[in-house]
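# Architecture and fold: a report
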2 protein chains.
Amino acid sequence: MMILNRRILLSTLALLPALRSTSASAQGADPLPSWNDGATKQSITNFVARVTTQGPDFVPMDQRIATFDNDGTLWIEQPMYVQLAFILDRVKALAPQNPGWKTKQPFQAVLDGDMKAVAASGEKGLMQLMAVTHAGMTSEEFSKIASDWIASARDPRFKRPYTELVYQPMLELLAYLRANGFKTFIVSGGGVEFLRAFAERVYGIPPEQIVGSRMKMTLETREGRAVLVKRPEIDFVDDGPGKPVGIETAIGRRPVAAFGNSDGDLQMLEWTSAGTGARFCLYVHHTDPDREWAYDRASSVGRLDKGLEAAKTRGWTVVDMKSDWRRVFAFDKEQSQ
Amino acid sequence: MMILNRRILLSTLALLPALRSTSASAQGADPLPSWNDGATKQSITNFVARVTTQGPDFVPMDQRIATFDNDGTLWIEQPMYVQLAFILDRVKALAPQNPGWKTKQPFQAVLDGDMKAVAASGEKGLMQLMAVTHAGMTSEEFSKIASDWIASARDPRFKRPYTELVYQPMLELLAYLRANGFKTFIVSGGGVEFLRAFAERVYGIPPEQIVGSRMKMTLETREGRAVLVKRPEIDFVDDGPGKPVGIETAIGRRPVAAFGNSDGDLQMLEWTSAGTGARFCLYVHHTDPDREWAYDRASSVGRLDKGLEAAKTRGWTVVDMKSDWRRVFAFDKEQSQ
């Protein structure tokens with residue numbers, strides 16, 4: 001039987017000098033130009049060299065699975081998760097068709113911009129907001145709404161589209177890993193269909209390599225056409241202990257490298273490091289209030305507390321954003337140490 | 001930002017004459033040698049030519065998603081689903097440690113080989129059998145048990161490992177689609193971890209491209225190590241209307257081609273054909289009692305009834321196994337029409 005698959009094609013490809021010269025690692029060019037030289041950068045390049053070179057730590061290409069958290073790891077998550085900004089904007093956009101919301105919580109709180117009252121509405125309030133913004137429509141309708149919003153929304157501090165507030169060093173890291181035969185996945189607590197609205201264009205990660213939280217869906221016929229309708233009910237939460245479950249369900253292999261920034265990523269990093277053979281775990285530590293934000297143990301969004309302790313104990317790499325990154329965003333001027 | 005991903009590598013690859021000559025379609029060699037010439041084979045090659053050639057039906061490589069049912073589409077499913085044979089064998093293997101099963105249904109029926117009584121135990125009985133054979137262990141332990149069984153079990157009629165009872169024409173079709181830039185997925189009612197125990201080796205389909213039914217899993221610590229434990233509770237049934245849901249959840253794109261053999265695949269084929277642009281749907285019709293089996297409308301396993309009607313109405317391709325396939329299994333002698 002002839003099995004000619006992508007992995008075989010790619011293995012063949014690795015033998016072609018002409019093509020390899022187009023990869024970021026060829027000709028001595030630095031594949032990670034936005035990373036300052038030092039122990040952090042070296043821990044990454046050393047790991048990649050070890051697992052891609054014949055020797056005791058070599059990992060075959062089909063097992064080079066790398067998983068990335070999204071919020072706070074690949075793009076900004078302060079002052080609030082981008083998806084929460086989407087929810088608030090959607091409630092405002094839908095308010096004229098729902099006059100009753102003016103006097104009904106948690107909608108009233110959203111319309112009044114009273115974030116304390118939104119928070120006070122708790123999980124039940126959040127589910128009500130999810131129900132009107134993420135359900136009752138087809139998956140195609142949702143994708144269109146999310147894409148349109150992503151194209152027009154602006155971050156309140158940087159006044160730029162969120163898709164420009166992705167970390168340039170992490171984009172280089174994704175490309176560097178892929179050039180070295182890794183398959184890169186997003187494993188996020190965010191909604192999988194929200195992520196798919198921008199991840200391929202922005203990160204080069206196709207929809208089938210995105211794992212996220214999700215609402216239940218059912219198949220229906222509308223106007224004679226089969227459609228998938230999103231239901232106002234959580235199907236799966238891909239956060240904390242959910243991340244290894246999401247990885248096993250969707251990928252079916254344990255990652256050899258995992259990247260996160262909060263305690264919600266801790267189980268993914270532990271699951272990754274508990275495998276046999278060479279493994280790499282990295283936390284992005286937000287330490288740069290000038291170029292981005294500084295937060296960790298006391299933050300309500302993206303808290304990094306237990307994770308910092310685990311990283312110390314286990315020798316995981318911790319990125320000090322301020323000193324390790326030459327620039328944070330593509331639009332930053334380069335800054336050496 | 002430099003995004004060098006696999007799809008770009010593959011696009012580049014398509015430009016290389018040296019490498020293309022290693023593909024099945026080069027040099028005029030027939031990429032589908034186990035298919036007899038005729039309308040069925042031509043419908044496949046015509047479709048692939050249309051979507052891979054610049055023109056109104058061209059489909060970019062990243063959208064060339066093809067989904068395949070497994071049981072009855074890629075390998076044998078008579079006289080019973082292979083996974084059911086696994087369940088029965090496991091119950092027998094575990095019986096010495098469970099003396100009470102001798103007098104307790106549905107276990108007694110399994111141990112007595114009384115398939116009527118097994119069937120009579122219904123969904124509740126099946127769940128009890130699933131609970132003792134597919135749960136209460138880690139995902140790694142289950143994978144090992146499934147792999148070992150696959151390596152040793154033999155089909156009762158052909159006296160061969162099930163992994164030899166895969167359809168040679170379908171293996172060629174998988175390879176042909178991949179050589180033309182398609183990403184091939186399994187979308188099966190079978191258990192995803194059971195499928196992963198053999199699918200990469202046998203079909204060249206990696207674990208992350210397999211969608212199936214699944215039990216719930218939870219993250220636990222056992223002997224200081226993070227493990228995923230399979231729970232005796234169904235999480236998702238990837239059959240019938242579940243198939244489009246499984247596809248949207250795991251792949252996030254509508255397939256352009258879908259392949260099945262039973263009414264349980266009908267919604268997957270309808271979901272595929274309801275997309276805009278060129279689409280291809282194919283049913284394998286089991287019409288060869290000598291080389292394999294003959295069954296359709298009246299079969300309890302793999303019933304194909306509504307699907308045959310839909311195929312007629314919608315102009316889907318229906319493989320007549322007896323006349324369209326030169327051989328069914330790799331070990332068959334070739335047979336022309």
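What you see is a predicted model, and the numbers here were worked out from it, not measured in a lab.

For the rest of this paragraph, the subject is the overall build of chain A. Secondary structure summary: chain A contains 15 helices and eight strands in total. By the compact-globule yardstick of 20 Å for 337 residues, chain A fits well, its C-alpha radius of gyration being 21 Å. Along the first, second and third principal axes, the C-alpha set of chain A runs to 65 × 55 × 35 Å. The 337 residues of chain A split such that 56% are buried. Partitioning the contacts of chain A with sequence separation of at least 6, the portion at a separation of at least 24 is 64%. Summed over its atoms, the accessible surface of chain A is roughly 13,900 Å², and 52% of this surface lies on carbon and sulfur atoms. The averaged location of the 40 negative side-chain charges in chain A is 2 Å from the averaged location of its 41 positive side-chain charges.

Moving on, we come to the side chain of Glu248(B). Note on placement: Glu248(B) falls in helix α12 (residues 242-250). Buried within the structure, Glu248(B) lacks any salt-bridge partner; Arg196(A) is the closest side chain of opposite charge, at an N-O distance of 4.8 Å. Setting aside residues no more than four positions away along its own chain, Glu248(B) makes contact with Ser139(A), Glu193(A), Arg196(A), Met217(A), Leu228(A) and Trp271(B).

Following the criterion strictly, the structure yields 42 salt bridges over all chains and no others. Notably, a salt bridge pairs Glu208(B) with Arg253(A), separated by 3.6 Å at the nearest N-O pair. Linking Glu208(B) in the loop between α11 (199-203) and β3 (210-222) with Arg253(A) in the loop between α12 (242-250) and β5 (257-260), this pair reaches from one chain into another. The class for Arg253(A) is buried, based on a relative accessible area of 11%. Of the charged contacts, one joins Arg291(B) and Asp288(B) as a salt bridge, the two residues approaching to 2.6 Å between their closest N and O atoms.

With that settled, the discussion passes to the packing of helix α3 (residues 39-52) of chain B against helix α9 (residues 168-179) of chain B. When two helices pack together, you describe them by how their axes are tilted relative to each other and by the distance separating the axes. All names here are of chain B. Here α3 crosses α9 at 15 degrees, and the two axes come no closer than 11 Å. Taken together, the axis directions place α3 and α9 in an arrangement best described as roughly parallel. Considering the relative orientation of α3 and α9, their crossing is right-handed. Between α3, through Ile44, Thr45 and Val48, and α9, the contact on the second element is made entirely by Leu173, Tyr176 and Leu177. Among the residues making up the contact of α3 with α9, the classes are represented as five nonpolar, one polar and no charged.

To continue, consider the confidence of the model for chain A. Residues of chain A with pLDDT of at least 70 account for 91%, and the chain-wide mean is 92. At the level of chain-chain contacts, confidence expressed as ipTM amounts to 0.90, with global pTM at 0.91.

Another point: the pairing of strand β8 (residues 317-320) of chain A. Residue and element names in this part refer to chain A. Residues Thr317 and Val319 of β8 are buried on one face, while the alternating residues Val318 and Asp320, pointing to the opposite face, are not. Here four bridges tie strand β6 (residues 280-287) to β8, and the two strands are oriented parallel to one another. Bridge pairing in β8 links His285 to Asp320.

All names here are of chain A. Packing of helix α4 (residues 82-94) against helix α8 (residues 139-152) leaves a shortest axis separation of 11 Å and a crossing angle of 105 degrees. Here α4 is positioned roughly perpendicular relative to α8, judged by the angle of their axes. Within the contact between the two elements, α4 uses Val82, Ala85, Phe86, Asp89 and Arg90 and α8 uses Phe142, Ile145, Ala146 and Trp149. Taken together, the residues of the contact of α4 with α8 sort by class into seven nonpolar, no polar and two charged.

Residue and element names in this part refer to chain A. Extensive coverage of α12 is indicated by the burial of eight of its nine residues. Those residues of α12 that fall on the buried side of the exposure criterion are Gly242, Lys243, Pro244, Val245, Gly246, Ile247, Glu248 and Thr249. With its phi angle positive at about 75 degrees, Gly252 sits one or two positions after the end of α12.

On to the packing of aromatic side chains, then. Under the criterion given, the structure shown has 42 aromatic pairs over all chains. With 5.1 Å between their ring centres and 20 degrees between their planes, Phe329(A) and Phe331(A) make a pair best called stacked. Between Trp35(B) and Trp325(B), the ring centres sit 5.8 Å apart and the planes meet at 75 degrees, which makes this aromatic pair edge-to-face. With a gap of 290 residues between them, Trp35(B) in the loop between α2 (17-20) and α3 and Trp325(B) in the segment after α15 (321-324) connect regions that are remote in the sequence. For Trp325(B), a relative accessible area of 0% corresponds to the buried category. An aromatic cluster is present here, built from Trp75(A), Phe86(A), Phe142(A), Trp149(A), Tyr162(A), Phe194(A), Phe198(A) and Tyr203(A) joined pairwise through their rings. Taking the ring centre of Phe331(A) as reference, the NZ or CZ of Arg160(A) above it sits at 3.7 Å. Across from the ring centre of Trp293(B), 4.7 Å away, lies the NZ or CZ of Arg157(B), which sits over that ring.

Right, let's get into unusual backbone geometry. All names here are of chain A. Of note, the amide linkage connecting Gln78 to Pro79 takes the cis form, showing an omega dihedral of 0 degrees. Counting through the fold element by element, Pro79 comes out in the loop between β1 (65-68) and α4. In the segment running from Gln105 into Pro106, the intervening peptide bond is cis, with an omega of 5 degrees. Tracing the backbone shows Pro106 in the loop between α4 and α5 (107-112). Positioned with a positive phi, Glu223 is a non-glycine residue whose angle comes to about 50 degrees.

Turning our eyes to something else, we now look at the environment of Arg231(B). All names here are of chain B. Mapped onto the secondary structure, Arg231 falls in strand β4 (residues 225-236). Sequence separation of Arg231 and Glu172 is 59 residues, and the distance between their C-alpha atoms is 37 Å. Look past the residues within four positions of Arg231 in its chain and what remains in contact with it is Ala135, Met215, Lys216, Thr218 and Glu220.

Another point: the environment of Gly189(A). For Gly189(A), the position within the fold is in strand β2 (residues 183-191). Sequence-distant contacts of Gly189(A), that is, excluding residues within four places in its chain, are made with Ser213(A), Asp238(A), Asp239(A) and Lys243(A).

Another point: the side chain of Glu292(B). Residue and element names in this part refer to chain B. By the element assignment, Glu292 lies in the loop between β6 (280-287) and β7 (294-295). In this structure Glu292 is buried but unpaired, with Arg157 as the nearest side chain of opposite charge at 6.9 Å. Here Tyr167 takes part through its side chain, which lies 2.5 Å from a polar atom of the side chain of Glu292. Once residues lying within four places of it in the same chain are set aside, the contact partners of Glu292 are Ile76, Arg157, Phe158, Tyr167, His286, Met321, Val328 and Phe329.

Reading the values: rules and limits
Residues numbered from 1 in each chain as written. Chains lettered and ligands numbered in written order. Predicted model: local features only at pLDDT ≥ 70, side-chain atom pairs only at ≥ 80, totals over all residues. Heavy atoms only, no water. Helix = DSSP H or I, 4+ residues; strand = E, 2+ residues; numbered from the N terminus. Rg over C-alpha atoms; globule rule 2.2 N^0.38 Å. Buried < 20%, exposed > 50% of the residue type's maximum accessible area, 1.4 Å probe, protein only. Contact = heavy atoms within 4.5 Å. Areas by Shrake-Rupley, 256 points an atom, 1.4 Å probe, with all protein chains shown as cover. Lys, Arg positive; Asp, Glu negative; His and termini not counted. Charge placed at Lys NZ, Arg CZ, Asp CG, Glu CD. Salt bridge = Lys/Arg side-chain N within 4 Å of Asp/Glu carboxyl O. Axes fitted to C-alpha atoms, helices over the stretch in contact; angles between N-to-C directions. Parallel < 35°, antiparallel > 145°, perpendicular 65-115°, else oblique. Left-handed = near helix turned anticlockwise from the far one by under 90°. Nonpolar A, V, L, I, M, F, W, Y, C, P; charged D, E, K, R; others polar. pLDDT = per-residue confidence, 0-100. Pairing = 2+ DSSP bridges. Phe/Tyr/Trp six-rings, centres within 6.5 Å; stacked < 30°, edge-to-face > 60°. Lys NZ or Arg CZ within 6 Å of the ring centre and 35° of its normal. Polar contact = N/O pair within 3.5 Å; in protein donor to acceptor, adjacent residues only side chain to side chain.

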